[in-house]
Amino acid sequence: MGRDTVIGLVGKPSSGKSTTLNSLTDANAKVGAFPFTTIDPNKATGYLEIDCACARFGKQNLCKPNYGYCRDGKRGVPIMLLDVAGLVPNAHLGRGLGNKFLGDLTEADCLIHIVDASGTTDAEGKATRGYDPINDIEWLQEEIFCWILGNLMDKWPLVVKRHIATKSTTLETLRAQLGGYSANKQLIARALDLVPNLPPLNEWDNEWIEKVVRSFMNVKFPTVLSLNKMDHPDADKNVLKIILKHPTLKCVLTSSITEVFLRKLAAQKYIKYDLGTEFVDTIDDLGPESGLKPLDDKLRNRIENIRDLVLYRFGSTGVVQLLQAAADLLELVPVYPVRNINSFAGGSGDEVFRDCMLIKKGTPVISVARKIMGDVTIAHIETVGGIKVAEDDVVDKGKNDILSFKLVPGGR
Ligand SMILES: Nc1nc2c(ncn2[C@@H]2O[C@H](COP(=O)(O)OP(=O)(O)OP(=O)(O)O)[C@@H](O)[C@H]2O)c(=O)[nH]1
């Protein structure tokens, strides 16, 4: 079995990390048990909202996921979130248990960096006004950079000596040094490819080493910025500054506190709320037959404010889009293993698309089979229409994403 994808949440204290995590892991929305191979106090299950394959075939009524949920073709697929709390400036020097928190990062395949875009908390998370959140973006990147660079530089003379003595390739030597960050050979090769005109490793000076570390960092920790607290009046100008200064960074505007509030009101039956959208309806909109509870003036005003300040201005609270942006960076494709390729049922019952896995685009279908079935002998693999798929055909959005694995009878 391959390891599960892990998304790390980072951010300085009081940026809104716990609030975002609460909204992403909202217990009210959940159906199904914990599907992951490891259970850890810093880990939580988030739900990535996707368009489920059931809607493609008009089978929404029969869609019953083993894990997560599916509501009228909108499916929440479990994804593992890692809470990397407690990173402070100079963590790489061991400040504030810094090295432990940096070490926790290695497991993450991608980071969501929660930034307090309102500028109402300083670098350490203390209340202030007019702080420039650009500092936080640059500070976190520098922290990770200094940590990886420091670890490598400590042993560099020995690394070069051994590299020459063993006549290793650059990739082999770097793999030995960077593999500990949960980085496989392909990932390290990609990082090296992205550095133009790279000389042989024994000729690298500090500048080349830094270029390689930066490239590795970008490939190992692709990052989505959550520009949080966008409901705050100071957020607009800060958001603009960040986007102008870092045009290539993936940013999502969020108000996680609004998301938590809306989900709470929906659970208490004051509103009907379609996750990830601007649509919030009350009894005033839908009438008493909706079964919603009546609102008092205070609540009615709060909902009106949320509509004006967040939902109508930005189109949503951004929280659902945040996980989607992380999944896009990782090029994750939902893949549905089914037993019956015609009915899409998993077992003997009528229920369809019981399972859904998130697989990196471009993965050969045989690797998907190994991940799901383990080390069994596969006779052939089929997709929609019973069409046979070659083992090295790859997974893509809407292509080879519904698969049935046929085993050799009695084979292992
Ligand atoms: N206005 C506004 N406030 C928010 C938002 N998200 C969080 N907050 C507030 O910011 C403060 C800090 O939020 P937390 O979620 O506890 O922040 P944290 O990053 O987990 O903080 P630590 O636990 O100290 O690491 C709380 O008072 C939240 O109510 C938001 O979207 N908008």
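Up top is the structure.
Counting of residues starts from 1 at the beginning of each chain's written sequence and follows it residue by residue. In keeping with the model being predicted, local features are shown solely for residues with a pLDDT of at least 70 and side-chain atom pairs are shown and tallied solely at 80 or more, while totals for entire chains, interfaces and linings include all residues.

**Regarding the site of the ligand**
By definition, a residue lies near a molecule or strand when the C-beta atom built from its backbone is within 6 Å of it. Taken together, 17 residues lie near the ligand, and Pro13, Gly16, Lys17, Ser18 and Thr19 sit nearest. Elements with a contribution of two residues or more to the shell around the ligand: helix H1 (17-24) and helix H10 (256-267). Strands here are runs of E lasting at least two residues and helices are runs of H or I lasting at least four, both read from the DSSP assignment and numbered beginning at the N terminus. Element by element, the count of residues in the shell around the ligand is highest for H1, at three residues.

**Observations regarding H1**
Summarising burial for H1: six of the eight residues are buried, a large majority. For H1, the full list of buried residues reads Lys17, Thr19, Thr20, Leu21, Ser23 and Leu24. Partly exposed residues are those whose C-beta has more than 12 but fewer than 20 other C-beta atoms within 10 Å; 20 or more makes a residue buried and 12 or fewer makes it exposed, with C-beta atoms placed from the backbone.

**Observations regarding the sheet that holds strand S10 (residues 332-337)**
Across the sheet, five strands lie side by side as S11-S10-S14-S12-S13; this open sheet has mixed pairing. A strand with exactly one partner marks an edge of an open sheet, and here the two such strands are strand S11 (357-360) and strand S13 (387-389). With direction set aside, neighbouring strand axes in the sheet form an average angle of 45°. In terms of strand pairing, strand S12 (residues 378-383) meets strand S14 (residues 402-407) through four bridges, oriented antiparallel. Of the residues in S14, the one forming a bridge with Ile378 is Leu407. Any pair of residues counts as being in contact when their C-beta atoms, constructed from backbone geometry, are within 7 Å of one another. Think of each axis as a best-fit line through the C-alpha atoms, taken over the contacting stretch in the case of a helix, with angles from 0 to 180 degrees between the N-to-C directions. Sitting on the sheet, helix H14 (residues 365-373) is in contact with S10, S11, S12, S13 and S14, with an inclination near 70° to S14. The pairing criterion for strands is at least two bridges between them, as found by DSSP.

**Focus: the pairing of strand S1 (residues 6-10)**
Of all five residues in S1, five are buried, a share of seventy percent or more. The side-chain alternation of S1 yields two buried faces, one formed by Val6, Gly8 and Val10 and the other by Ile7 and Leu9. Where S1 and strand S4 (residues 74-83) come together, four bridges link them in parallel fashion. Bridging from a neighbouring strand, Val6 pairs with Met80 of S4. Note that S1 and strand S5 (residues 110-116) share four bridges and pair parallel. Its bridge partner being in S5, Val10 is matched across the sheet by His113.

**Quick word on the environment of Asn238**
Mapped onto the elements of the fold, Asn238 is located in helix H9 (residues 235-245). In this structure the C-alpha to C-alpha distance between Asn238 and Leu227, which are 11 residues apart in sequence, comes to 9.2 Å. With near-sequence residues (within four places) excluded, Asn238 lies in contact with Ala117, Gly119 and Pro133.

**Observations regarding the nonpolar core**
Ile7 and Phe353 are the most contacted members of the largest nonpolar core, which totals 90 residues. Setting aside anything within four residues of it in sequence, one finds Phe353 in contact with Cys52, Ala53, Cys54, Cys63, Pro65, Tyr336, Val338 and Phe344. A set of buried Ala, Val, Leu, Ile, Met, Phe, Trp, Tyr and Cys residues, joined to one another through C-beta atoms within 7 Å, is what we call a nonpolar core.

**Side note on unusual backbone geometry**
The backbone phi angle of Glu331 is positive, close to 55°, even though this residue is not glycine. Within the secondary structure, Glu331 sits in the loop between helix H13 (319-329) and S10. For Glu331, a count of 14 C-beta atoms within 10 Å gives the class partly exposed. The backbone of Phe353 shows a phi angle near 45°, a positive value even though the residue is not glycine. Take Phe353: it is sitting in the loop between S10 and S11. You can call Phe353 buried: it has 26 C-beta atoms within 10 Å.

**Some thoughts on the environment of Leu244**
Following the sequence through the fold, Leu244 ends up in helix H9. For Leu244, a count of 9 C-beta atoms within 10 Å gives the class exposed. Taking the C-alpha atoms as reference points, Leu244 and Asn66, 178 residues apart in sequence, are found 44 Å from one another.

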